[in-house]
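Fold and contact review
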Amino acid sequence: MPKPLDPKCQLCAKLPAAKAKALHGPEGDGCWNPKVCHNRRSFYRHRSQNNSAEIDAMGYARPEVIAVEPRATYFAVLYLYKEPGDKPLHAMSAELWLGQKPVCRLEPIHCFGLTAGKIRAYTDQVLQAFAKQYSVSLYQYKDMFEITSSYCPVRPCPLHPES
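Let me sum up the structure you'll find in this document. (Residues numbered from 1 in each chain as written. Predicted model: local features only at pLDDT ≥ 70, side-chain atom pairs only at ≥ 80, totals over all residues. Heavy atoms only, no water.)

**With respect to the overall build of the protein**
Scanning the protein for helices and strands turns up four helices and four strands. Mapped from its N terminus to its C terminus, the protein presents α and β elements in the order α-α-α-β-β-β-α-β. Looking at the protein as a whole, 28% of its 163 residues qualify as buried. In the protein, of all internal contacts separated by at least 6 residues, the share reaching a separation of at least 24 is 49%. (Helix = DSSP H or I, 4+ residues; strand = E, 2+ residues; numbered from the N terminus. Buried < 20%, exposed > 50% of the residue type's maximum accessible area, 1.4 Å probe, protein only. Contact = heavy atoms within 4.5 Å.)

**Some remarks on helix α4 (residues 116-134)**
In a regular helix each residue adds 1.5 Å, so 19 residues correspond to 27 Å; α4 covers 27 Å between its end C-alpha atoms and thus fits that length. All of the buried residues along α4 are Ile 119, Thr 123, Val 126, Leu 127, Phe 130 and Ala 131. Along the axis of α4, the buried positions cluster into a sector of 130°, meaning they face one direction only. Residues of α4 that are exposed and point more than 90 degrees away from the buried face comprise Lys 118, Gln 128, Lys 132 and Gln 133. Considering only its buried residues, α4 is in contact with β1 (74-82), β2 (89-98) and β3 (101-110). Two residues or fewer past α4, Ser 135 is found with a positive phi of approximately 50°. (Expected span 1.5 Å × (residues − 1). Arc of directions from axis to C-beta.)

**Some thoughts on unusual backbone geometry**
Excluding glycine, residues mostly have negative phi values, and the peptide bonds linking residues are mostly trans. Note that the residue after Arg 155, namely Pro 156, is joined by a cis bond; omega there is 0°. Along the chain, Pro 156 falls in the segment after β4 (143-147). In this model, Ser 135 sits at a positive phi of 50°, which is unusual for a non-glycine residue. The residue Ser 135 is located in the loop between α4 and β4 in this model.

**What about the sheet that holds β1?**
One open sheet holds the four strands; their spatial order is β3-β2-β1-β4, and the pairing between them is mixed. Two strands close off the open sheet at either side, each with one partner strand: β3 and β4. Across the sheet, the axes of successive neighbouring strands diverge by a mean angle of 20°, strand direction being ignored. Examined bridge by bridge, β1 and β2 share nine bridges and lie antiparallel to one another. From the neighbouring strand, Tyr 74 faces β2, where its bridge partner is Leu 98. In the packing of α4 onto the sheet, the strands contacted are β1, β2 and β3, and the crossing angle to β2 comes to about 20°. (Pairing = 2+ DSSP bridges. Axes fitted to C-alpha atoms, helices over the stretch in contact; angles between N-to-C directions.)

**Points about the pairing of β3**
A regular strand places its side chains on the two faces of the sheet in alternate fashion. The pairing of β2 with β3 spans seven bridges and is classified as antiparallel. If you follow Leu 98 over to β3, its bridge partner there is Lys 101. Once β2 ends, the chain turns through two residues before running back antiparallel as β3, passing Gly 99 with a positive phi of about 65°.

**Comments concerning the nonpolar core**
Among the nonpolar cores identified, the biggest contains 16 residues, and Ala 94, Phe 130 and Tyr 141 are the most heavily contacted of them. Those elements that place two or more of their residues in this core are β1, β2 and α4. The dominant element in this core, judged by the number of residues it contributes, is α4, at five residues. If we skip the residues at most four places from it in the chain, Tyr 141 touches Ala 76, Val 77, Leu 78, Ala 94, Thr 123, Val 126 and Leu 127. Judged by nonpolar contacts, the second largest core, of seven residues, contains Val 77, Tyr 81, Ala 91 and Cys 157. (Core = buried A, V, L, I, M, F, W, Y, C linked by side-chain atoms within 4.5 Å.)

**Describing the state of the cysteines**
Disulfides are covalent bonds that connect the sulfur atoms of two cysteines. Applying the stated criterion across every chain, the model contains zero disulfides. With no disulfide of its own, Cys 12 has Cys 37 as its nearest cysteine by sulfur position, at a separation of 6.4 Å. Among the residues examined, Cys 12 registers a relative accessible area of 9% and is labelled buried. (Disulfide = S-S within 2.5 Å.)

Listed below in structure tokens is the structure:
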């Protein structure tokens, strides 16, 4: 295994020779060795210019990075505005996404007076509306996010009487 690159030498190689000697010579930290430093500085300067692999902070070559876009699929997410624990649902909304981008949003509504069955029926209707609008098959929400009800975006709202 090759010896890892010295980060201090990598930084020193970027400095002009006079500044490097002043910083690391007898008046500096004393690590300057004229027998090896000129060649080492040249090695580090040319390595960074000519070597196609980038070097990380530990001195190891980083693997090549590529971007692969996943196949874009439709999915729906449900946002539930409620307090943590076994508390009633305050409000809800939903979004339809295509890959990494939201394409459609259901405006949030308050859930006052809605039973669990009515809320379930409503969320199913939302899925059906998304599916019909975009001609896709949606059978369930990909994810549900619980958000504290103090962030309820519906106005007017009993939690935000000043708004």
